[in-house]
Amino acid sequence: MKRTYILLAVVIAAGVFLSQQISSANGPTKAVTFSKDVAPIFNAKCAECHRPGEGAPFSTLTYKDVRPWARSIREKVTQKTMPPWHADPHFGTWANDRRLTSAEIETVKEWVEQGAKEGDPRDMPPMPKFTEGWTIGKPDIVIPMPQEFTLEASGPDEYQYFEVDPGFKEDVYVQSAEARPDNRKIVHHIIAFIRPPVANATAKPRPNLSKEELAALRAKMEKESPVYREGFLARTKQEAPVCDDGCNDPKGGRLGRADRGAEMENGQLLAGYAPGMNQAIWEPGTVKKIPAGSKIMFQMHYSKAAGSVQKDRSSIGLIYAKTEPKKLVHTTGISNNAFLIPAGADNHKVTACWTAPDDIQIINFMPHMHLRGKAVEYKAIYPDGKTEILLNVPSYDFSWQTAYYLKEQKELPKGTRIMVTGYFDNSTRNKFNPDPAKIVRYGEPTYDEMMIGWMDYTAKNESPKAVARKE
Ligand code: HEC
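Computed from a prediction, not measured in an experiment: that's the story for all the values here.

1. Points about the overall build of the protein
Across its full length, the protein carries seven helices and 24 strands. Looking at the protein as a whole, 46% of its 471 residues are labelled buried. Counting only contacts in the protein whose residues sit at least 6 apart along the sequence, the fraction spanning at least 24 positions is 81%. A total accessible area of about 24,500 Å² is found for the protein, and carbon and sulfur atoms account for 56% of it.

2. Digging into the sheet that holds strand β11 (residues 295–302)
Taken in spatial order, the four strands line up as β3-β11-β5-β8 in an open sheet, and their pairing is antiparallel. If you trace the sheet from one side to the other, it starts and ends with β3 (158–164) and β8 (268–273), each paired once. Neighbour to neighbour, the strand axes of the sheet diverge by 20° on average, direction disregarded. Across eight bridges, the pairing between strand β5 (residues 187–195) and β11 is antiparallel. If you follow His 189 over to β11, its bridge partner there is His 301.

3. Quick notes on the coordination of the iron atom of the ligand
Coordination sphere of the iron atom of the ligand, protein contribution only: His 50 (NE2) and Met 82 (SD), at 2.0 to 2.3 Å. Taken together, the six donor atoms surrounding the iron atom of the ligand define angles of 85 to 179° at the centre, an arrangement classified as octahedral. Of this pair, His 50 sits in the loop between α2 (34–45) and α3 (63–66) while Met 82 sits in the loop between α4 (70–78) and α5 (102–113), and the two are 32 residues apart along the sequence.

4. Focus: α4
Of the positions making up α4, those classed as buried are Ala 70, Ile 73 and Val 77. The arc that holds every buried residue of α4, seen down its axis, measures 55°, which confines them to one face. Looking at the buried residues of α4, the elements they touch are α2, α3 and α5. In the segment just after α4, Lys 80 is the residue with positive phi, at about 65°.

Definitions and limits used
Residues numbered from 1 in each chain as written. Predicted model: local features only at pLDDT ≥ 70, side-chain atom pairs only at ≥ 80, totals over all residues. Heavy atoms only, no water. Helix = DSSP H or I, 4+ residues; strand = E, 2+ residues; numbered from the N terminus. Buried < 20%, exposed > 50% of the residue type's maximum accessible area, 1.4 Å probe, protein only. Contact = heavy atoms within 4.5 Å. Areas by Shrake-Rupley, 256 points an atom, 1.4 Å probe, with all protein chains shown as cover. Pairing = 2+ DSSP bridges. Axes fitted to C-alpha atoms, helices over the stretch in contact; angles between N-to-C directions. Donors = N, O, S within 2.8 Å, 3.2 Å for Na, K, Ca; no water. Tetrahedral: all angles 85-135°; square planar, octahedral: opposite > 155°, others 65-115°. Arc of directions from axis to C-beta.

Pasting the structure below:
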């Protein structure tokens, strides 16, 4: 009896398989429509960015808005440039994996080839729900920049810093945070940092210096510093010491204080905005702490692409933890800022390492390089010497600052080293290369480079109420 069923199932399956083969060989028998087949895919995989008020050039929510883009959609979807996703599928499983399945790609392709028909509007799935303006939902508090900023029409990109006192009298636990650009024509990226208050006891007394002495001191410090400023932008001096292999260097490939990671220069990272970046939404109970009295620092990267005088007053929105905080989110930037990329080099390797101070659980990775960034990899080197690739991005693309959220948090024992390896293409073959004739060092402008492996993690044996440690 049982066997008959199985046999029957096999026969039916073979029949279905055969009829599919025949139908695809003889052209489509099934009409693919927007309302019935395509809209559910677009709602799930495109509308996050392709909806009114977001960064993408058109909305995928209605047939009317989508129809003029059909050809371009077929091209981008079959070439897999849309949705943007750059992680090598062989390593790690990602909660926010945006890729379409091959069946979904086939459906979109078939739909366009059949004339991109609307079908019956009654087949449309319910409109997905988005909160107007905020991806994380309605914030409990919105903290804008302290004042509106006016950006001149021409000149190089600008980094501007704005500090705000949100007036937090006690420690605040944040469940999710979003940085929201006000003027998308000029806001290239936003990074909001937490700057905890400096205890008075540790503040150095200021020596009483004359104007001349102060000027001389400043000149001396500027001369000795490996970094200089070009307008608003910090750049590493061409003649500063060089270290490409930060993992095999006592200073870890860091100019200045070796014990300071990228996050320590400006405070703890709270939220960011850049094309393709996800918002910081942690699991309930896993929270970011803002100590009482902290200031919030906005680092704004403005681009002059608009070509006219523009104004901006961007904001961050926070949703407070609604349940007892269980774990604190630490954000660390594993970075090398002492590398030197020779002119024309097409595969220049740079490393940076970090050692887990405790048993940790990793939440996400966000590699950050600039226009010469070619590939990047995060690798764990366990205390017993075994290694494991945690994330591999074989073709890094500066246009997409994706944070890769692990489907299941990755547990690493105390003492595990995380090695971030970046490769840069400073040759003429890199079509994004601003100038292959230049020797390139670390710096804030996009025509300099960066090598930062950002990462959010929680530490196992830590009470959220305890004073936040320094990573
Ligand atoms: C993470 C955000 C994001 C997601 C998800 C996304 N897109 Fe895009 N898309 C963009 C942005 C931003 C642009 C404009 C910049 C560019 O072309 O690279 C764009 C451009 C495009 C273009 C090119 C438009 C032109 O100028 O020709 C097409 C077509 C497209 N997207 C289709 C899709 C489809 C279809 C999906 C879902 C299957 C999707 N995108 C998912 C952000 C996104």
